[in-house]
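# Understanding the architecture of this molecule
Below are the chains, spelled out letter by letter.
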Amino acid sequence: MLDLGFVRANRKLVEEKLRLRGADPAALLGDFPSLDQARRETITTAEQLKANRNQLSQTFGSLKKSGGDTTAVQMELQANADSLEASTLTAASFDRQMRDLLTRIPNLTRDEVPAGRTEADNITVKTWGEIPAFTFAPKPHWEIGEQLGILDLERAAKLSGARFAVYMGVGARLERALIGFMLDLHTSSPTAGGHGYKEVLPPFMVNSKSLYGTGQLPKFAEDLFRCSDADAEAVARGEFKDSDHWLIPTAEVPVTNLYRDEILEETRLPIRLTAYTPCFRAEAGAAGKDTRGIIRQHQFQKVELVKFTCPEDSDAEHERLTQDAEEILEALGLPYRRVLLCTGDTGFSSAKTYDLEVWLPGQQLYREISSCSNFESFQARRANIRYRPASQGSKAKPEFVHTINGSGLAVGRTWLAILENYQQPDGSVLIPEALRPYMGGLDRIVKEV
């Protein structure tokens, strides 16, 4: 969420940034100046009524003490109370309207983010690894997995419907091995060649307030799986009860909300956390997209990286988090590229996003395997996560932290990238050396009988 004072003082800039995103400023901002003025005037009126009430209370006390007639003052106090109640209710209504308006506004992209509308306008800033050369026509992962007997999409559809997968035998172990490998690398100390994150195992269901804090609600409700009953009309209006529970779309949601409504000491920052969780997405609007294989699933596994940092350190921490995700790909020998997303392709809550795209030879294209974003104070303002600057002492005014997160990595997409990049002429698949200790020393996947 953007700061109200910032929007008020920089409305033209906000409008221009929204246009760069491909959004309509008039639709998002509405009649912001009138609403802002009415809200401020109502607050001023309420404050004046409170001051008048205090003055009348003093007069009433003096008259009562001296034995004077308090009838007129009592009548004024009652009239003041009625006016104050009405003014307070009006101010609360304007507050809700303003918060609803600010909730709809996406984060402002950084100046270095390229202008553009679609992924065609994204900029490749780095490539790594050599695209493998095959002496045969490489197959897509769904064919490899089926022929090896380690991926069963038909039985998954029988169990749950489309966009689900069953991993069998060595395929299931490979998924588990990837999770362990990623967590071990991310949690090991830098002196041991790791990244120094603390592991978290959060709940896989969260309340509405948590999804609001990271920006999924109310805008992206249709992409989520709700576990509890809710009024459909209220959902359509963007109204949710905190007692509602939702399956998490990413570990970003519970991990970021760990410090919701808290004030952290600056000496604790940066906080670096990593978590493995399953993720659940309704994939609304994805009909007809990626219908084959396991690229786009309703349930998948992911290892997430989340950081809380001081504003002045967030750029460096964003770059480092992105490099931490890249190191997983490099350790597995998977060719990839880093892409800076353009304004129109940058997510709602993000100020700047790098996508890491892995090469898939069976499909002859790059596909996203990680999205690493700097949200600046956008999520922290929604979730009320602040820190106290150490340089200003114990009485320092708390400020909002910056939050950063990214996939480190999407496990299923890493799984399929290994199948496609390490497939062999005889139909087997080599296991990257870094994973072999997690596979009991197994160096190759062959057809199971």
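Counting restarts for each chain, with residues numbered from 1 along the sequence as it is written. Given that the model is predicted, a residue must reach a pLDDT of at least 70 before its local features are reported, and side-chain atom pairs must reach 80 or more before they are shown or counted; all residues, however, enter totals for whole chains, interfaces and linings. Calculation of side-chain values draws on the structure's entire complement of heavy atoms; hydrogens and water are dropped beforehand.

## Things to note about helix H12 (residues 314-331)
Strands are runs of DSSP state E lasting at least two residues, helices are runs of H or I lasting at least four, and both sets are numbered from the N terminus onward. An expected span of 1.5 Å times one less than the residue number is assigned to each helix. The terminal C-alpha atoms of H12 lie 26 Å apart, and with 18 residues this matches the ideal 26 Å at 1.5 Å per residue to within 8%. Working definition: with a 1.4 Å probe on protein chains only, accessible area under 20% of the residue-type maximum means buried, over 50% means exposed, and in between means partly exposed. What H12 keeps buried is the set Ser 314, Glu 317, His 318, Leu 321, Thr 322, Asp 324, Ala 325, Glu 326, Ile 328 and Leu 329. The first or second residue beyond H12 is Gly 333, which carries a positive phi of 70 degrees.

## Quick look at the packing of helix H6 (residues 141-148) against helix H14 (residues 411-421)
Two elements in contact, H6 and H14, have axes separated by 9 Å at closest approach and are oriented at 85 degrees. Taken together, the axes of H6 and H14 lie roughly perpendicular to each other. Contacts from His 141, Ile 144 and Gly 145 in H6 reach Leu 416, Leu 419 and Glu 420 in H14. Residues were grouped as follows: Ala, Val, Leu, Ile, Met, Phe, Trp, Tyr, Cys and Pro as nonpolar; Asp, Glu, Lys and Arg as charged; and all remaining residues, including Gly, as polar. Residue composition of the contact of H6 with H14, by class: three nonpolar, two polar and one charged. Note on geometry: axes are C-alpha line fits, over the in-contact stretch for helices, and angles between N-to-C directions span 0 to 180 degrees. Between 65 and 115 degrees an angle is taken as roughly perpendicular, under 35 as roughly parallel, over 145 as roughly antiparallel, and anywhere else as oblique. Only heavy atoms matter for contacts: two residues are in contact if any of them lie within 4.5 Å across the pair.

## Things to note about the sheet that holds strand S1 (residues 123-128)
What the eight strands build is an open sheet, ordered S1-S10-S11-S12-S15-S9-S8-S4; its pairing is mixed. Both outer strands of the open sheet, S1 and strand S4 (198-200), are each paired with one neighbouring strand and no more. The mean inter-strand angle of the sheet, taken between neighbouring strand axes irrespective of direction, is 25 degrees. Strand pairing follows a simple DSSP-based rule, namely that at least 2 bridges must link the two strands. The pairing of S4 with strand S8 (residues 271-280) spans three bridges and is parallel. What sits directly across from Glu 199, in S8, is Thr 274. Relative to strand S9 (residues 299-309), helix H8 (residues 170-187) is tilted by about 10 degrees, and along the sheet it contacts S4, S8, S9 and strand S15 (402-410). The strands touched by H14 are S9, strand S11 (352-360), strand S12 (365-376) and S15; relative to S15, the strand with the most contacts, the crossing angle is about 40 degrees.

## Comments concerning the packing of aromatic side chains
When two rings of Phe, Tyr or Trp (its six-membered ring) have centres within 6.5 Å they constitute a pair, described as stacked for plane angles under 30 degrees, edge-to-face for angles over 60, and tilted for the intermediate range. The full count for this structure, using the stated rule, is eight aromatic pairs. An angle of 65 degrees between the planes, with centres 5.2 Å apart, marks the rings of Phe 134 and Phe 136 as edge-to-face. Overall, Phe 134 belongs to the partly exposed group, its relative accessible area being 23%. By way of ring pairs, the aromatic residues Phe 220, Phe 348 and Phe 378 are connected into one cluster. Seen from the ring of Tyr 354, Arg 338 lies directly overhead, with NZ or CZ sitting 4.6 Å from the centre. Positioned above the aromatic ring of Tyr 212, the side-chain terminus of Arg 382 is 4.3 Å from the ring centre. For a Lys NZ or an Arg CZ to count as sitting over a ring, it must be within 6 Å of the ring centre and within 35 degrees of the ring normal.

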